[in-house]
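Architecture at a glance
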Amino acid sequence: MSSVNLMAREVAAKIVFYGPGLSGKTTSLRKIYETVRPAHRGEMMSIATEGDRTLFFDFLPVKVERVGDCSVRLALYTVPGQVFYNATRKLVLQGADGVVFVADSQPDAMDANRESLANLEENLFEHGIRLDRFPLVMQWNKRDLENVLPVEQLRQELNPRGVPDFETAATNGRGVLDTLKAITRLVIKDLRAKRIVPPPRPVAPVGGAQPAGLEAQLAQHLQHRQPPPSSHLAPPSGHGPAVAMMPTPVPHRPSGSFPAIAPPPRVEPMVAPPPPPIAAPISQATSAKLLGAVSALAPGDLFDHARAAEAAFMAGNYSTCVTACTDAIRRSLAFAGEGTLAQQAFLLRVDGADLLRIQGLATQQHLRVDDAAFALYVLMQTFVRLNAVGLPASE
């Protein structure tokens, strides 16, 4: 059974390579291990025996590309091929999300292929799974040998369902990765149908009313919080002398006479006042009205916490800043409802990796300016998520 890490948005799926003894299951896994980048693979474990090269199982965690905004981690297993190890095969098959059946293409191995496929169907049925409704890919192995059975005969005997099948040569790796890609696609499709893979995070449509990105949302909230403009017209600004249009009064004319033509308006130069010195200090009353980026996004209930975090950052108290941010983030996530911190973060689409890093910083004593800046960034992201979903609801 697949597992989902909501905090890291990662799905772990289990794929089992099934088939008769010496059909090429372990060789296929070894070739995958050699092909996958070292950063995306784990340690491969194998136990060799006299009758077969796998007594218990091979385990190979492989991290594949992202699906939507979730990363997928595959755990690849093989089962022992011998019939008298059926209990172990049944145990390894438990919780599988997909199966690759590795068939031996040699004519004298057809009976073993049929027996192993029937055994697979029986063991899955004991786990409450029907093979015809389970992600399955057929791998016709050993196609590099001479006198192998035609693919059409293998399909007729072993693949009446018509699932995806591939010709492979595990010794040189031909077709092995294609098989892995096919079963991965089927597994992901099945997990989505079962609603196990979380849906992608919603993205604001291009040209829609919702701004996309943190900077756009921040600019929008700052614009909404600015005071309304004054109704008085301000004098024009510029580097040169300003000019003002001085209207000239129209002289009085007696009744019945032709209207007098008013002279054109007189334009008089008006010298603009000199600009204030650059180094002029800003009064405390003025600076108190300025909002920082975090406090500008903060809901009313968390405004004081955001101001405290910003004040600590400006004063160089980085530990206090991180502590204030951590407390504000927890209070923000609480608006998502009851549940664990991971559940609340998932509901608000807050990055779990960022939360883990914040929690780690909160336990340290000596913090740097970039640590405090990161804490403010995560807090600002959390406020953006709250604003996007309308939390906290206004009474």
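Read on for an overview of the structure. (Residues numbered from 1 in each chain as written. Predicted model: local features only at pLDDT ≥ 70, side-chain atom pairs only at ≥ 80, totals over all residues. Heavy atoms only, no water.)

The subject of this paragraph is the packing of aromatic side chains. On inspection of all chains with the given rule, the structure shows two aromatic pairs. Between the aromatic rings of Phe313 and Tyr318, the centroid separation amounts to 5.9 Å while the plane-to-plane angle is 55°, which identifies the pairing as tilted. Judged by its relative accessible area of 22%, Phe313 is partly exposed. Here Phe374 and Tyr377 contribute two aromatic rings whose centre-to-centre distance is 6.2 Å and whose plane-to-plane angle is 40°, an arrangement assigned as tilted. Note that Phe374 and Tyr377 are positioned in helix 13 (residues 369–389) at a spacing of three residues, about one turn of the helix. (Phe/Tyr/Trp six-rings, centres within 6.5 Å; stacked < 30°, edge-to-face > 60°. Buried < 20%, exposed > 50% of the residue type's maximum accessible area, 1.4 Å probe, protein only. Helix = DSSP H or I, 4+ residues; strand = E, 2+ residues; numbered from the N terminus.)

Within the secondary structure, Asp371 sits in helix 13. Residue Asp371 is classed as buried on the basis of its relative accessible area, which comes to 6%. With ten residues separating them in the primary sequence, Asp371 and Leu361 have C-alpha atoms 7.4 Å apart. Those residues in contact with Asp371 that lie beyond four places of it in its chain are Val322, Arg357 and Leu361. (Contact = heavy atoms within 4.5 Å.)

To continue, consider the environment of Gly19. Among the structural elements, Gly19 can be located in the loop between strand 2 (10–18) and helix 1 (25–35). Gly19 sits 119 residues away from Met138 along the chain, and the two C-alpha atoms are 9.9 Å apart. Setting aside chain neighbours within four positions, we find Gly19 in contact with Lys25, Gly81, Phe101, Val102 and Ser116.

Moving on to the nonpolar core. Ranked by size, the top nonpolar core spans 31 residues in total, and within it Val294, Cys325, Ile329, Leu333, Leu379 and Phe383 carry the most contacts. Elements with a minimum of two residues in this core: helix 8 (293–297), helix 9 (303–314), helix 10 (318–334), helix 11 (341–348), helix 12 (352–362) and helix 13. Ignoring anything within four residues of it in the chain, the contact list for Leu333 reads Leu341, Gln344, Ala345, Leu348, Val350, Leu355 and Thr382. Counting residues in each nonpolar core, the second largest holds 25 residues, with Ala75, Met110, Leu124 and Leu136 among its members. (Core = buried A, V, L, I, M, F, W, Y, C linked by side-chain atoms within 4.5 Å.)

A complete count under the given rule lists 13 salt bridges for this structure. A salt bridge links Asp190 to Lys194; the nearest nitrogen and oxygen atoms lie 3.0 Å apart. Between Asp370 and Arg368 there is a salt bridge, with its nearest N and O atoms 3.1 Å apart. On the accessibility criterion, Arg368 (54% relative accessible area) is exposed. Here the salt bridges do not stand alone but share partners, grouping Asp111, Arg114 and Glu157 into one network. (Salt bridge = Lys/Arg side-chain N within 4 Å of Asp/Glu carboxyl O.)

Here we take up unusual backbone geometry. Leaving glycine aside, a negative phi is the common case for residues, and trans is the common case for peptide bonds. If you check the backbone angles, Leu22 has positive phi at about 60° while not being a glycine. Relative to the helices and strands, Leu22 is located in the loop between strand 2 and helix 1. With a phi angle near 60°, Arg349 is a residue other than glycine that sits in the positive phi range. Mapped onto the elements, Arg349 comes out in the loop between helix 11 and helix 12. Since its relative accessible area comes to 23%, Arg349 is described here as partly exposed.

Our focus in this paragraph is the pairing of strand 2. With eight of nine residues buried, strand 2 is to be regarded as a mostly interior element. Note that strand 2 and strand 4 (residues 70–78) share eight bridges and pair parallel. From the neighbouring strand, Lys14 faces strand 4, where its bridge partner is Ala75. (Pairing = 2+ DSSP bridges.)

Packing of helix 9 against helix 13 brings their axes to within 11 Å, and their N-to-C directions diverge by 160°. Overall, the two elements helix 9 and helix 13 adopt an arrangement that is roughly antiparallel. When the axes of helix 9 and helix 13 are compared, the crossing they make is left-handed. Here helix 9 contributes Ala306, Ala309, Glu310 and Phe313 to the contact with helix 13, which in turn contributes Val369, Ala372, Ala373, Leu376 and Phe383. Counted by class, the contact of helix 9 with helix 13 contains eight nonpolar, no polar and one charged residues. (Axes fitted to C-alpha atoms, helices over the stretch in contact; angles between N-to-C directions. Parallel < 35°, antiparallel > 145°, perpendicular 65-115°, else oblique. Left-handed = near helix turned anticlockwise from the far one by under 90°. Nonpolar A, V, L, I, M, F, W, Y, C, P; charged D, E, K, R; others polar.)

A few words on the pairing of strand 5 (residues 98–104). With seven of its seven residues buried, strand 5 lies for the most part within the structure. Neither face of strand 5 is open: one carries Gly98, Val100, Val102 and Asp104, the other Val99, Phe101 and Ala103, and all of them are buried. Pairing of strand 2 with strand 5, which is carried by four bridges, proceeds in the parallel orientation. Pairing of Tyr18 across the sheet is with Phe101, part of strand 5. Of the strand pairs in this sheet, strand 5 and strand 6 (residues 136–141) are connected by six bridges, and their pairing is parallel. Its bridge partner lying in strand 6, Val102 is registered against Gln139. Crossover strand 5 to strand 6 through helix 3 (residues 110–126) is right-handed. (Right-handed = clockwise from strand over helix to strand, strands pointing away.)

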